[in-house]
Amino acid sequence: MRRAIFPGTFDPFTIGHSSVVTRALTFMDEVIIGIGINENKNTYFPIEKRVEIIQKFYRNEPRIKVYSYDCLTIDFARQVDAQLIVRGIRTVKDFEYEETIADINRKLAGIETILLFTEPELTCISSTTVRELLQFGKDISQFIPEGMDI
């Protein structure tokens, strides 16, 4: 079985994230969405709520699992027996950051990272921006997957 993890904070999970998962399923048997606990980020939703929201959204897709983790991503990948890490990138800045992390992960654990470029119409969407809209009480429905309850 080809299994990949898609790690992130997912606060909140956006249509860009959903696109990465959908596209990863075209070449993977299973995608595990790993919600990392990052004490350095100011999150809007508690970790349990993020897991619940994403699990509920993908409840009818048996090829997608959702877990939280509080260790290095490469250790989480080992725990769930994943062979690959999948990441989405929107900009050159994202690419440079992801390239560095991918190099480290490959050196430390021998795990490869696949980078999926965001579709052009989604490049402006980030969890940070959507989270800020939420904090100011704005409607975010156009930025999250249709049918996702937040």
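These figures come from a predicted structure and were not determined experimentally.

### Looking at the sheet that holds strand β1 (residues 3-8)
The strand order β3-β2-β1-β4-β5 describes an open sheet built from five strands, whose pairing is parallel. On the outer flanks of this sheet lie β3 (64-69) and β5 (112-117), each paired with one strand and no other. On average, adjacent strands in this sheet sit at an angle of 30° to one another, irrespective of strand direction. Strands β1, β2 (30-36), β3, β4 (84-89) and β5 of the sheet are contacted by helix α1 (residues 15-24), whose axis makes an angle of about 120° with β5. In the packing of helix α2 (residues 47-57) onto the sheet, the strands contacted are β2 and β3, and the crossing angle to β2 comes to about 160°.

### Let's talk about the packing of aromatic side chains
If you walk through the whole model with that rule in mind, you get six aromatic pairs. Taking 4.8 Å as the distance between ring centres and 80° as the angle between the ring planes, the aromatic pair formed by Tyr-44 and Phe-45 counts as edge-to-face. Using a relative accessible area of 36% as the deciding quantity, one classes Tyr-44 as partly exposed. Here Phe-57 and Tyr-58 contribute two aromatic rings whose centre-to-centre distance is 4.8 Å and whose plane-to-plane angle is 75°, an arrangement assigned as edge-to-face.

### Description of the pairing of β1
Within β1, six of the six residues are buried, which leaves it mostly tucked inside the rest of the structure. Where burial is concerned, the two faces of β1 agree: the one with Arg-3, Ile-5 and Pro-7 and the one with Ala-4, Phe-6 and Gly-8 are both buried. As paired strands, β1 and β2 are joined by six bridges and run parallel to one another. Residue pairing across strands places Ala-4 opposite Val-31, the latter belonging to β2. Between the parallel pair β1 and β2, the chain is carried across by α1, and the sense of this crossover is right-handed.

### With respect to the environment of Val-51
Looking at where Val-51 falls in the secondary structure, it is placed in helix α2. On the accessibility criterion, Val-51 (13% relative accessible area) is buried. Those residues within four positions of Val-51 in sequence are excluded, and the remaining contacts are Ile-35, Val-66, Tyr-67 and Ser-68.

### Brief notes about helix α4 (residues 92-109)
The periodicity of an α-helix, 3.6 residues per turn, causes residues three or four positions apart to be oriented the same way. The first and last C-alpha atoms of α4 sit 25 Å apart over 18 residues, in line with the 26 Å expected at 1.5 Å per residue. Residues of α4 that are buried make contact with α3 (73-79), β4 and β5. Backbone geometry just downstream of α4 places Gly-110 in the positive-phi region, at approximately 70°.

### A word on the nonpolar core
In this structure, Phe-10, Phe-13, Val-21, Ile-33, Ile-35, Ile-54 and Tyr-58 are the most contacted members of the largest nonpolar core, which totals 23 residues. Of all the secondary-structure elements, those providing two or more residues to this core are β1, α1, β2, α2, β3 and β4. In terms of residue count, the dominant contributor to this core is α2 (four residues). If we skip the residues at most four places from it in the chain, Ile-54 touches Phe-10, Phe-13, Ile-33, Ile-35, Val-66 and Met-148. If you look at the next biggest cluster of nonpolar residues, it comprises ten residues, including Ile-5, Tyr-69, Ile-74 and Ala-77.

What counts and how
- Residues numbered from 1 in each chain as written.
- Predicted model: local features only at pLDDT ≥ 70, side-chain atom pairs only at ≥ 80, totals over all residues.
- Heavy atoms only, no water.
- Pairing = 2+ DSSP bridges.
- Helix = DSSP H or I, 4+ residues; strand = E, 2+ residues; numbered from the N terminus.
- Axes fitted to C-alpha atoms, helices over the stretch in contact; angles between N-to-C directions.
- Contact = heavy atoms within 4.5 Å.
- Phe/Tyr/Trp six-rings, centres within 6.5 Å; stacked < 30°, edge-to-face > 60°.
- Buried < 20%, exposed > 50% of the residue type's maximum accessible area, 1.4 Å probe, protein only.
- Right-handed = clockwise from strand over helix to strand, strands pointing away.
- Expected span 1.5 Å × (residues − 1).
- Core = buried A, V, L, I, M, F, W, Y, C linked by side-chain atoms within 4.5 Å.

Interpretation note: all reported values are geometric properties and have no functional meaning in isolation.
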